[in-house]
Amino acid sequence: MKDQPSGPLRWDGGWHHASAPPAPQECPVAVVIDGMSQAVLMATPADLMDFVFGFALTEGLIASPADVTDFEEATVEAGGFPAREARLWLRPGLAAGLAERRRSMLGPVGCGLCGVDSIAAALPTVRTVGSDWGMTPAQVVAAMQALGQGQILRRDTPAIHGAGFWDGTQMLVREDVGRHNALDKLAGALARAGRPGGQGAIVMSSRLSVDLVQKAARIGSPVLIGASAPTDLALEWAERAGITLIARARGDAFDLYTHPRRIAATRDLDDA
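Residue numbers run consecutively from 1 along every chain, following the written order of its sequence. Residues qualify for local features only when their pLDDT is at least 70, as the model is predicted, and side-chain atom pairs are given and counted only at 80 or more; totals for whole chains, interfaces and linings, by contrast, use all residues. Only hydrogens and water are removed before side-chain values are computed, so all heavy atoms of the structure are retained for them.

Peer 1: How would you summarise the sheet that holds strand β6 (residues 81-90) if you had to cite specific residues and measurements?
Peer 2: Ordered by their spatial adjacency, four strands build an open sheet running β4-β3-β6-β5, and the pairing between neighbours is mixed. Lying at the two open borders of the sheet, with one neighbouring strand each, are β4 (36-43) and β5 (68-78). Ignoring strand direction, the axes of neighbouring strands in this sheet form an average angle of 20°. One requirement defines pairing of two strands: DSSP has to find at least two bridges between them. In this description a helix means any DSSP run of H or I spanning at least four residues, a strand means any run of E spanning at least two, and both kinds are numbered starting from the N terminus. The pairing of β5 with β6 spans ten bridges and is antiparallel. Residue pairing in the sheet places Asp70 in a bridge with Trp89 of β6. Whether two residues touch is decided by their heavy atoms; if any such pair falls within 4.5 Å, the residues are in contact. Structural elements are reduced to axes, namely lines fitted to C-alpha atoms, with helices fitted over the stretch in contact, and the angle between N-to-C directions of any two is expressed from 0 to 180 degrees. Against the sheet, helix α6 (residues 232-241) touches β3 (27-33), β4 and β6, its axis set at about 135° to β6.

Below you can see the structure in the form of structure tokens.
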């Protein structure tokens, strides 16, 4: 079977081609006001006028839509990936404060790229993972179960994400209200313990977005597993980065999207 994200293989005791729901769109959207980039956020590229007006209002950059004199959208490219710019122009007298208010704030928990103010920073050069470490379907199931068992904080509240590192026998878990924060904590724990990221899988309690794939690549993990669905950009980035991406891993079943060679049994994969 070729390593390409044309559609997942479903494991539920055996391999078969799955009819998974379409991956939601995700791309970097730069908020540009009077020619100055204020922030880049990963978003679904629809209703961008509403998005940028709402961002400007909630961030205090404008007081009302009447402060905006013009708007346009533009498609740009960074590192071979498409991105969008949502551009506002403000009435005279408002631009002076933009430089001082340029966004370098502590990011909300829902966004992994808050504080980034250029598309190039949102889509850096793809880092490839060369590790041949692999696992069996039974170990994928066991890893998700171990993540749930290791989430101590989640026992008190369900509003907690978990990120785990599974080496085939043991699970190291870190938790946070933000899935990106949980993965950053895990990366720090691995580095401080001197554990090689290439010898295990990263397991997430959440959906898989492109920034989580980017972080997994920096850690060097060859396998990324998520409880929920991936975005389209996450799938493309995982394919280019050489990462085996597994999603919708719940119970005894999961979807395998990219680089299936790391998930045994190879013969079953070839037959599928």
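Back to the write-up after that little detour.
Peer 1: Any chance you could break down the environment of Ala56 for me, citing the residues and the numbers?
Peer 2: By secondary structure assignment, the location of Ala56 is in helix α1 (residues 48-58). When a residue's accessible area, from a 1.4 Å probe over protein chains only, is under 20% of the maximum for its type it is buried; when over 50% it is exposed; and in between it is partly exposed. We classify Ala56 as buried; its relative accessible area is 0%. Dropping the residues within four chain positions of it, Ala56 is found in contact with Ile33, Leu61, Ile62 and Leu88.

Peer 1: Describe the sheet that holds strand β1 (residues 9-11), listing the residues and the values that go with them.
Peer 2: The eight strands lie next to each other as β2-β1-β12-β11-β10-β9-β7-β8, forming an open sheet whose pairing is mixed. With partners counted over all chains shown, the strands left at the sheet margins are β2 (15-17) and β8 (171-176), one partner each. Ignoring strand direction, the axes of neighbouring strands in this sheet form an average angle of 25°. With six bridges joining them, strand β7 (residues 161-166) and β8 adopt antiparallel strand pairing. Paired with His161 across the strands is Asp176, a residue of β8. Strands in contact with helix α4 (residues 179-193) are β7, β8 and β9 (201-204); relative to β8, the strand with the most contacts, it is inclined by about 140°.

Peer 1: Hey, could you go over the packing of aromatic side chains for me, with residue numbers and the actual values?
Peer 2: Note on ring pairs: Phe, Tyr and Trp rings are taken, using the six-membered ring of Trp, and paired if centres are within 6.5 Å. Classes follow the plane angle, with under 30 degrees stacked, over 60 edge-to-face and the rest tilted. Counted by the stated rule, this structure contains two aromatic pairs. An angle of 20° between the planes, with centres 6.4 Å apart, marks the rings of Trp11 and Phe254 as stacked. You can see Trp11 sitting in strand β1 and its partner Phe254 sitting in strand β12 (residues 253-256), a full 243 residues away along the chain. Across the pair, Phe254 and Trp11 agree in class, each one buried. Plain terms: the ring middles of Phe81 and Trp237 are 4.7 Å apart, the flat faces sit at 20° to each other, and that makes the pair stacked. One end of the pair, Phe81, is in strand β6; the other, Trp237, is in helix α6, and 156 residues separate them in sequence. Each of the two residues, Phe81 as well as Trp237, counts as buried. Residue placement shows Arg240 over the ring face of Phe81; its charged tip is 4.1 Å from the ring centre. Charge-over-ring contacts are defined here by two conditions on Lys NZ or Arg CZ: a distance within 6 Å of the ring centre and an angle within 35 degrees of the ring normal.

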